[in-house]
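Topology and contacts: notes
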Amino acid sequence: MPSIDIIVPVFNEQTVLPLFQERIQSAMQNCDVEWRVIFIDDGSSDDSLAMMRTIHEADTRFGFLSLSRNFGKEYAVTAGLDHASSDAAVVIDVDLQDPPELIPEMVAQWHAGYDVVYATRKARHGESMAKKATANLFYRTINSMSKIDIPKDTGDFRLMSRRAYQAVNKLRERNRFMKGLFAWVGYKQKQIFFEREPRAAGETKWNYNKLWRFALDGITSFSYLPLRFATWIGMTVAIFAFIYGAFIIAQTLIFGSDVPGYPSLMVVILFLGGIQLTALGIIGEYLGRMFNESKQRPLYLVDEFQPPNG
Ligand code: UDP
Ligand code: MG
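Turning our attention to the site of ligand 1. Around ligand 1 there are 17 residues in total, and E13, D42, D95, T204 and W206 lie nearest to it. Contacts to ligand 1 include P9, whose backbone N or O atom sits 2.8 Å from an oxygen atom. Interatomic distance of 3.4 Å between a backbone N/O atom of K73 and a nitrogen atom of ligand 1. When ligand 1 is considered free in solution it has 530 Å² of accessible area, and contact with the protein chains removes 93% of it.

Take the coordination of the magnesium ion (ligand 2) next. Around the magnesium ion (ligand 2), the donor atoms from the protein are D95 (OD) and Q97 (OE1), and they sit 1.9 Å away. Relative accessible area serves as the criterion here: at 10%, Q97 is assigned to the buried category.

Turning to unusual backbone geometry, a few remarks are in order. At D153, a residue that is not glycine, the phi angle is positive and equals roughly 55°. The backbone of Q296 sits at a positive phi, close to 55°, despite the residue not being glycine. A relative accessible area of 55% places Q296 in the exposed class.

This part is about the layout of surface pockets. By rolling a water-sized probe across the atoms, one finds the places where empty space is left. The volume enclosed by the second largest pocket comes to roughly 420 Å³. Lining the second largest pocket are 18 residues, and of these T141, W212, A215, L216 and I219 sit closest to its centre. Mapped onto the lining of the second largest pocket, the elements with two or more residues apiece are helix 5 (129-145), helix 8 (208-222), helix 9 (225-255) and helix 10 (262-294). Sort the elements by how many residues they give to the lining of the second largest pocket and helix 8 lands first, with 7 residues. Its residues placed into classes, the lining of the second largest pocket shows 13 nonpolar, 4 polar and 1 charged.

Moving on: the nonpolar core. By size, the foremost hydrophobic cluster in this structure holds 40 residues, and its most contacted members are I7, L81 and M160. Ignoring anything within four residues of it in the chain, the contact list for L81 reads I7, A89, V91, M160, Y165, V168, N169 and F182.

A separate point is the pattern of salt bridges. A full pass over the atoms with the stated rule returns 12 salt bridges. R172 is the partner of D82 in a salt bridge, and the nearest nitrogen-oxygen pair spans 3.0 Å. Of this pair, D82 sits in helix 3 (residues 73-82) while R172 sits in the loop between helix 6 (162-170) and helix 7 (178-185); the two residues are 90 residues apart in sequence, bridging distant segments of the chain. The class for R172 is partly exposed, based on a relative accessible area of 33%. Taken together, the salt bridges that share partners define one network made up of K73, D93 and D156.

This part is about helix 8. Helical geometry: 3.6 residues make up each α-helical turn, so side chains three or four residues apart lie on a common side. Taking 1.5 Å of rise per residue, 15 residues should cover 21 Å, and helix 8 covers 21 Å from first to last C-alpha, within 8% of that figure. Among the residues of helix 8, F214, A215, L216, G218, I219, T220 and F222 are the ones counted as buried.

Okay, the packing of aromatic side chains next. Applying the stated criterion across every chain yields a total of 11 aromatic pairs. Ring plane angle 80° and centroid distance 6.1 Å describe the contact between F138 and F177, whose orientation is recorded as edge-to-face. Here F138 is found in helix 5, whereas its partner F177 is found in the loop between helix 6 and helix 7, with 39 residues between them in sequence. F138 sits in the buried class, given a relative accessible area of 10%. On the accessibility criterion, F177 (1% relative accessible area) is buried. Between Y244 and F247, the aromatic rings sit 6.4 Å apart at their centres with planes inclined by 20°, giving stacked as the arrangement. Of this pair, Y244 and F247 are both found in helix 9, 3 residues apart, which corresponds to roughly one turn of the helix. Accessibility expressed as a relative area gives 49% for F247, which makes it partly exposed. Through a chain of ring-to-ring contacts, three or more aromatic side chains come together here, namely F138, Y139, F177, F214 and F222. Its end group placed over the ring of F71, R69 keeps NZ or CZ at 4.0 Å from the ring centre. Residue placement shows K188 over the ring face of Y114; its charged tip is 5.0 Å from the ring centre.

Moving on: helix 2 (residues 48-58). Residues S48, M52, I55 and H56 constitute the buried set of helix 2. Along the axis of helix 2, the buried residues cluster in a sector spanning 100°; they form a single face. Among the exposed residues of helix 2, those pointing more than 90 degrees away from its buried face are E57 and A58. Of the surrounding elements, those touching the buried residues of helix 2 are strand 1 (3-10), helix 1 (17-27), strand 2 (34-41), strand 3 (62-67) and strand 8 (302-306).

As a further point, take the packing of helix 5 against helix 8. Where helix 5 meets helix 8, the axes come as close as 10 Å, and the angle between the chain directions of the two elements is 10°. On the basis of the axis angle, helix 5 is roughly parallel to helix 8. Contacts between helix 5 and helix 8 involve A130, K131, T134, F138, T141, I142 and M145 from the former and Y208, L211, F214, A215, G218 and I219 from the latter. Residues of the contact of helix 5 with helix 8, tallied by class, amount to 9 nonpolar, 3 polar and 1 charged.

The rules behind each value
Residues numbered from 1 in each chain as written. Chains lettered and ligands numbered in written order. Predicted model: local features only at pLDDT ≥ 70, side-chain atom pairs only at ≥ 80, totals over all residues. Heavy atoms only, no water. Near = heavy atom within 4 Å. Polar contact = N/O pair within 3.5 Å; in protein donor to acceptor, adjacent residues only side chain to side chain. Areas by Shrake-Rupley, 256 points an atom, 1.4 Å probe, with all protein chains shown as cover. Donors = N, O, S within 2.8 Å, 3.2 Å for Na, K, Ca; no water. Buried < 20%, exposed > 50% of the residue type's maximum accessible area, 1.4 Å probe, protein only. 1 Å grid on protein atoms, 1.4 Å probe; cavity = no way out; pocket = protein on both sides within 12 Å on 5 of 7 lines; lining within 4 Å. Points joined across faces, edges and corners; volume = space filled by probe spheres on them. Helix = DSSP H or I, 4+ residues; strand = E, 2+ residues; numbered from the N terminus. Nonpolar A, V, L, I, M, F, W, Y, C, P; charged D, E, K, R; others polar. Core = buried A, V, L, I, M, F, W, Y, C linked by side-chain atoms within 4.5 Å. Contact = heavy atoms within 4.5 Å. Salt bridge = Lys/Arg side-chain N within 4 Å of Asp/Glu carboxyl O. Expected span 1.5 Å × (residues − 1). Phe/Tyr/Trp six-rings, centres within 6.5 Å; stacked < 30°, edge-to-face > 60°. Lys NZ or Arg CZ within 6 Å of the ring centre and 35° of its normal. Arc of directions from axis to C-beta. Axes fitted to C-alpha atoms, helices over the stretch in contact; angles between N-to-C directions. Parallel < 35°, antiparallel > 145°, perpendicular 65-115°, else oblique.

Right, dumping it as structure tokens:
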């Protein structure tokens, strides 16, 4: 029988862990695969780890891996995929926003020959208009800027065949924009749809600050178009300046010089200053990430690994 590893990143989720356990157990009942769950404790400060231990003792199909501190969801998922060993791996949130009932459908598509089956949400319940609008803008921006196609409204919830998740595991960059890494791998991909529910319990760890950094990470790791922007804007401004200069020379030759214009000078100086600072900032974003990569630190550190099934 084929086997799957279900990778579940967990950060301070003691309230939802038992609910998740029940939902997975019942969802997987009629699915013809041997399944195992690997919880990744991403440095929780509540009783999540103790809860995982309890769940593991009650049902050894649930294992856990605890990281030495909070590294962030991307790193938790990376750690989980590194420790996967089954024929396929599923990545799913613990908060039940990704319905476990979808896994059997993913498995069916995998059996039908797809390497990656990803779940796209049809509606975003329990999320503000502002979050929806920013998400929309984000996908439009990143897809127009990079060559790989990142599907809209698709999170990390997906099934990957062994060769697909092993390919992801080979991408060791520190700047881990998972949606991009998953898409980069390619292979035969299948999209399925689902309704995203509000969180079962607990609170989201997202905020706008994180969203902004997330967007920057996504764009900088999959496109260097912003670096080219600086060149284009610089060239455009230079061409305008040249034409304007020629115009002033002609004007002076024909009509003589009138009183020099202080306001126009200020506008030009401020405009160019603004562009230069923006360009420097863009270079800085890339430079900082290169600095991060060049240190070659491990992506995460494991505190304890309790594999499922003994
Ligand atoms: N998570 C994690 N590390 C973190 C933040 C979140 O492992 O630093 C996990 C969290 O426990 C959940 C998943 O990532 O299983 C998604 O987090 P959340 O629900 O807060 O994000 P949202 O669904 O609001 O995008
Ligand atoms: Mg969530």
